[in-house]
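If you want the building blocks of each chain, they are given just below.
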Amino acid sequence: MTQRAKIDTDGGGTGTTGPPVVHRPAGLTSAEVAERVARGEVNDVPVRSSRSTTEIVRANVFTRFNAIIGVLWVIMLFVAPIQDSLFGFVIIANTGIGIFQELRAKKTLDGLAVIGEAKPTVRRDGTAAEISTSGIVLGDLIELGPGDKVVVDGEVAEADSLEIDESLLTGEADPVVKKPGDRMMSGSFVVAGGGAFTATKVGREAYAAQLAEEASRFTLVHSELRTGISTILKYVTWMMIPTAIGLVISQLVVKDDNFKDAVARTVGGIVPMIPEGLVLLTSVAFAIGVIRLGRKQCLVQELPAIEGLARVDVVCLDKTGTLTEGGMDVTGLRPLNGADETYVRKVLGALGESDPRPNASLQAIIDAYPETVEWRCTESLPFSSARKYSGASFSEGDGENSTWLLGAPDVLLKAGDPVLPEIDHLNEDGLRVLLLARTAHGLDSPDLTADARPTALVVLEQRLRPDAADTLAYFADQNVATKVISGDNAVSVGAVAGKLRMAGAENTVDARRLPTDREEMAKVLDENAVFGRVTPQQKRDMVAALQSHGHTVAMTGDGVNDVLALKDADIGVSMGSGSEATRAVAQIVLLNNSFATLPSVVAEGRRVIGNITRVATLFLVKTVYSVLLAVLVVCSQVEYPFLPRHLTLLSTLTIGIPAFFLALAPNKERAKPNFVRRVMRYAVPGGVVAGAATFTTYLLARHHYTGPDALAAETSAATLTLFLVSMWVLAIIARPYTWWRVTLVAAMGVAFLLVLAVPWLQDFFALKLVGVTMPWTAVGIAAAGAALLEIAWRWVDHRFPA
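Fair warning: this is a prediction, and the values are worked out from it, not measured in the lab. (Residues numbered from 1 in each chain as written. Predicted model: local features only at pLDDT ≥ 70, side-chain atom pairs only at ≥ 80, totals over all residues. Heavy atoms only, no water.)

When you line up the elements, Leu 278 lands in helix α9 (residues 276-295). Distance from Leu 278 to Ala 659, taken between C-alpha atoms, is 9.1 Å for residues 381 residues apart in sequence. Apart from the residues lying within four places of it in its own chain, the contact partners of Leu 278 are Ile 229, Ala 616 and Phe 619. (Helix = DSSP H or I, 4+ residues; strand = E, 2+ residues; numbered from the N terminus. Contact = heavy atoms within 4.5 Å.)

Let us now look at the side chain of Asp 313. Of note, Asp 313 is situated in the loop between α10 (304-311) and β9 (314-317). Note on Asp 313: relative accessible area 18%, which makes it buried. Among the polar contacts listed, one links the side chain of Asp 313 to the side chain of His 551, at a separation of 3.2 Å. Only 2.9 Å separates the side chain of Asp 313 from the backbone nitrogen of Thr 552, close enough to count as a polar contact. (Buried < 20%, exposed > 50% of the residue type's maximum accessible area, 1.4 Å probe, protein only. Polar contact = N/O pair within 3.5 Å; in protein donor to acceptor, adjacent residues only side chain to side chain.)

Counting residues in each nonpolar core, the largest one holds 88 residues, and the members touching the most others are Phe 87, Val 615, Phe 752 and Trp 793. Among the elements that take part in this core, helix α21 (residues 598-636) stands out by supplying 13 residues, more than any other. When near neighbours in sequence (up to four residues on either side) are disregarded, Phe 752 contacts Leu 649, Leu 650, Leu 653, Thr 719, Leu 720, Phe 723 and Leu 767. Judged by nonpolar contacts, the second largest core, of 35 residues, contains Cys 298, Leu 309, Leu 323 and Ala 468. (Core = buried A, V, L, I, M, F, W, Y, C linked by side-chain atoms within 4.5 Å.)

Helical geometry: 3.6 residues make up each α-helical turn, so side chains three or four residues apart lie on a common side. Among all positions of helix α15 (residues 468-477), only Ala 468, Ala 469, Thr 471, Leu 472 and Phe 475 are buried. Along α15, the residues classed as buried sweep out an arc of 165° about the axis, all on the same side. Structural note: α15 exposes Asp 470 and Asp 477 on the side pointing more than 90 degrees away from its buried face. Close packing links the buried residues of α15 with β9, β16 (481-485) and α21. Following α15 by one or two positions, Asn 479 adopts a phi angle in the positive range, close to 60°. (Arc of directions from axis to C-beta.)

Further remarks concern the packing of α15 against α21. For the pair α15 and α21, interaxial distance at closest approach is 10 Å and the crossing angle is 30°. The angle between the axes of α15 and α21 places the two elements in the roughly parallel class. Across the interface between the two elements, Thr 471, Tyr 474 and Phe 475 from α15 touch Leu 598, Pro 599, Val 602 and Ala 603 from α21. Its residues placed into classes, the contact of α15 with α21 shows six nonpolar, one polar and no charged. (Axes fitted to C-alpha atoms, helices over the stretch in contact; angles between N-to-C directions. Parallel < 35°, antiparallel > 145°, perpendicular 65-115°, else oblique. Nonpolar A, V, L, I, M, F, W, Y, C, P; charged D, E, K, R; others polar.)

Along the chain, the position of Val 190 falls in strand β7 (residues 189-201). You can call Val 190 buried: its relative accessible area is 0%. For Val 190 and Val 176, which are 14 residues apart along the polypeptide, the C-alpha to C-alpha distance reads 9.5 Å.

Under the definition given, this model contains 10 aromatic pairs. Taken together, a centroid distance of 6.1 Å and an interplanar angle of 75° make the contact between Tyr 640 and Phe 642 edge-to-face. Its relative accessible area of 0% is what places Phe 642 among the buried residues. Among the aromatic residues, ring-to-ring pairing joins Tyr 343, Trp 375, Phe 394 and Trp 404 into one connected group. Here Lys 234 stacks its cationic end above the ring of Tyr 235, 5.6 Å away from the centre of that ring. (Phe/Tyr/Trp six-rings, centres within 6.5 Å; stacked < 30°, edge-to-face > 60°. Lys NZ or Arg CZ within 6 Å of the ring centre and 35° of its normal.)

Residues with a pLDDT of 70 or more make up 87% of the protein chain, whose mean pLDDT is 81. Ranking the helices and strands of the protein chain by mean pLDDT puts helix α25 (residues 739-757) first, with 94, and helix α6 (residues 207-215) last, with 51. In the model, residues 1-22 has pLDDT below 50 throughout and makes 50 contacts with residues more than four positions away in sequence or in other chains. (pLDDT = per-residue confidence, 0-100.)

Turning next to the pattern of salt bridges. For the structure on display, the rule yields 21 salt bridges. Of the charged contacts, one joins Asp 410 and Arg 512 as a salt bridge, the two residues approaching to 2.9 Å between their closest N and O atoms. On the criterion of sequence distance, the pair formed by Asp 410 in helix α13 (residues 409-412) and Arg 512 in the loop between β17 (508-510) and α17 (518-527) is long-range, its members being 102 residues apart. Salt-bridge contacts for Arg 735 lead to Glu 790; the nearest nitrogen and oxygen are separated by 2.6 Å. With Arg 735 in the loop between α24 (710-733) and α25 and Glu 790 in helix α27 (residues 773-799), this pair connects stretches of sequence that are 55 residues apart. For Arg 735, a relative accessible area of 30% translates into the label partly exposed. Given the relative accessible area of 14%, Glu 790 is considered buried. One salt-bridge network, held together by shared partners, links Asp 410, Asp 510, Arg 512 and Arg 533. (Salt bridge = Lys/Arg side-chain N within 4 Å of Asp/Glu carboxyl O.)

With that settled, the discussion passes to the sheet that holds strand β18 (residues 530-532). One open sheet holds the eight strands; their spatial order is β8-β21-β20-β19-β9-β16-β18-β17, and the pairing between them is mixed. Looking at which strands have only one partner, the edges of the open sheet turn out to be β8 (298-300) and β17. Adjacent strand axes in the sheet meet at a mean angle of 20°, parallel and antiparallel pairs treated alike. Strands β16, β17 and β18 of the sheet are contacted by helix α16 (residues 490-499), whose axis makes an angle of about 145° with β18. (Pairing = 2+ DSSP bridges.)

Quick look at the pairing of β16 now. Side-chain direction in a regular strand flips from residue to residue, so the side chains alternate between the two faces of the sheet. Where burial is concerned, most of β16 is hidden: four out of the five residues are buried. In the sheet, β9 pairs with β16 via four bridges, with the strands oriented parallel. Across the sheet, the residue bridging to Leu 317 is Val 484, located in β16. Pairing of β16 with β18, which is carried by two bridges, proceeds in the parallel orientation. From the neighbouring strand, Ile 485 faces β18, where its bridge partner is Phe 531.

Along the chain, Arg 735 connects to Pro 736 via a cis peptide bond; the corresponding omega equals -5°. Following the sequence through the fold, Pro 736 ends up in the loop between α24 and α25. Its identity as a non-glycine residue notwithstanding, Asp 125 has a phi of 55°, on the positive side. Here Asp 125 shows up in the loop between β1 (121-124) and β2 (127-130). Judged by relative accessible area, Asp 125 falls into the partly exposed class, the value being 41%. Although it is not a glycine, Ala 766 sits at a positive phi angle of roughly 55°. Relative to the helices and strands, Ala 766 is located in the loop between α26 (759-765) and α27.

So, on to the pairing of β1. Pairing of β1 with strand β3 (residues 141-144) involves three bridges; the strand directions are antiparallel. Each residue of the ladder has a partner; that of Arg 123, found in β3, is Leu 141. Here four bridges tie β1 to β2, and the two strands are oriented antiparallel to one another. Within β2, the position partnered with Arg 123 by the bridge is Ala 128. What sits between the antiparallel neighbours β1 and β2 is a turn of two residues, in which Asp 125 has the positive phi angle 55°.

Take a nonpolar patch on the surface next. Residues Val 74, Leu 77, Phe 78, Ile 82, Phe 89 and Ile 92 make up a contiguous nonpolar surface patch of about 600 Å² in total accessible area. Elements with a contribution of two residues or more to the nonpolar patch: α3 (64-79) and α4 (86-115). Among the elements that take part in the nonpolar patch, α3 stands out by supplying three residues, more than any other. (Patch = residues over 30% accessible without salt bridge, like charges linked within 9 Å, V, L, I, M, F, W, Y side chains within 5 Å. Areas by Shrake-Rupley, 256 points an atom, 1.4 Å probe, with all protein chains shown as cover.)

A separate point is the environment of Ala 596. Among the structural elements, Ala 596 can be located in the loop between β21 (588-590) and α21. Note on Ala 596: relative accessible area 29%, which makes it partly exposed. Residues Ala 596 and Asp 470, 126 residues apart in the sequence, show an inter-C-alpha distance of 7.7 Å.

Right, let's talk about the packing of α10 against α21 for a bit. At a minimum axis separation of 7 Å, α10 and α21 run at an interaxial angle of 100°. One way to sum up the angle between α10 and α21 is to call them roughly perpendicular. Contacts between α10 and α21 involve Ile 306, Glu 307, Leu 309, Ala 310 and Arg 311 from the former and Leu 598, Val 601, Val 602, Glu 604, Gly 605, Arg 606 and Ile 609 from the latter. Across the contact of α10 with α21, the residue classes tally to seven nonpolar, one polar and four charged.

Here it is as structure tokens:
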């Protein structure tokens, strides 16, 4: 796939003389750039890391349930006291909080997106410099190297063994070799070689604009949590419509009561059926999660990634850049076959100077052997993760020509070579070893490595990330399996994993011996944890194999060889210092390059999912008992027992305030699937018990009280039962208890007692317990309901385990 490339050595720092092989265009002049800016030919695509302010306001205000509640609120303002319209003010407050939190999240996302934005290298006036993508103008000459993303459409001007991966556009995994004059599409990226291209389409005309719009959109809706809530709301709507119609007919037609009072009680029956706060609270929980992670320099490019990583049960880690830091140090040079060490140093120095964009290994060699030699590089072969070696041909100035390869010893050497045992011994110590070999073939020869003569071993030591061991231990403690998948030598990878005390590090698998069958590969992956010599395509296949066994897979990485796997994984995590390509396809970017941030993301996702599951039960218990009460009222042909003010008070104390605190509390429980089933298995029995207990109290109160004020006394007794049963639901949901959870539940109880005890609050909420018999009967029925709740939920746990 790789072509040889002629190198322009004029002024390249190699100390060579002679005319350049290839002319190097100088790019646009400053005057030409200014002229294009004036004409508006700039790459003015705005950074979109979230919804616009208008979209946020529209999404929070113009909802189906806000419309229903808004109409009911307007009606109540005309027919009832302000106390019965409190639910409308609560909705305004909740919607305002939702907008405020999302705007805060938007500000965080936008700020982080600018930090993590790719900065392409543009050549102007003969000088190359990094600029923001928005600074590119039509006709700019943009330089490319391994890992660089093509940010605008263009045409190749220079190509030095340039290989482009267009898989994000075409789905074709094989790199495409580009030559001068070939078309470049934004959204592709460089996997090997280098070059430059001229921008032919910028701004919204470029394909990158459409990709960016899709990749960076604030995607709240695409998650199991949001989908589950939408499913629940759909069923609630269908339940609510016939029930509400029946209630309206019952209260306005069948009962010949005071019209305004009948309307108020009808609205009081409809409003609590709507779990409007559930959607809001989910949005707020996600938004606060983004803000929290943003403070830790973690850019969440798609919000469901917070949820997704919490569901992950396998994390695939690339060793280089994830477990180890990017830099390396040369710790030894071992000449082979009688090679002269001084000459070897010259070769290594020349190889370093031949590559304008060295990778971490070659940069370590450049730092260790900075010798400048009077050699001319005539051809070069950039490093490729698929090949696992690089090469260059030199004219040494004394009439001698030589071709050298530098790369993985077990790739360049034949099996059984006497040098391999020594290399294995070094790898077992966690050292990385490169082989310098001389070949008699040209760099474009198919037999390039056939007769390569080993000349020296370059021993490199990788720098372990100080936080890697603790992070691996965290995942092990959370029952999340970790798999180290690296292109490096398997023994060396295993040694690094062993230093980090990773379980299974002693059983390292060489990926070249992995089965190609997906099922067989999945079995090997389940049984082992450390894999070396993995090709980019194999990384992708390994992710697919794990997913085929029902695993939710996260993939971390920072190099071009990780892109395909990152793209296919359920959650892709890129380092901020990684290539532009990895940052483009990842849902989460760790801008501080700290692998130790991952536990924070997992914890944030678990907090959101676990807590929303908790509070969803609270909201839906209310929906179930509201629908049941309405049905019972219609069937019994009696007045609806509650005014809107009563249910506003109950919802605030047993759902609204507690749900806000519970939704933001720490929660380390791993996320489980089947959100709808897990919520409804508690909500249905809870709602049925609460509704039945309340209606029982109401019917007994109707037989107990007589006179003109009987309905108010009946309502107060029914409200007491409903509050106590709802409080028991809250007490169950709040488990396991901590001091603040107990305080929260107790505070809600005290608040209700204040309403019953303070005269002006009694009048405001129309709540006054009359006599002794019926209030204590209400308490007794509530106690029986609480006991039944405990039995029902324990049975549900046993019969329908989560």
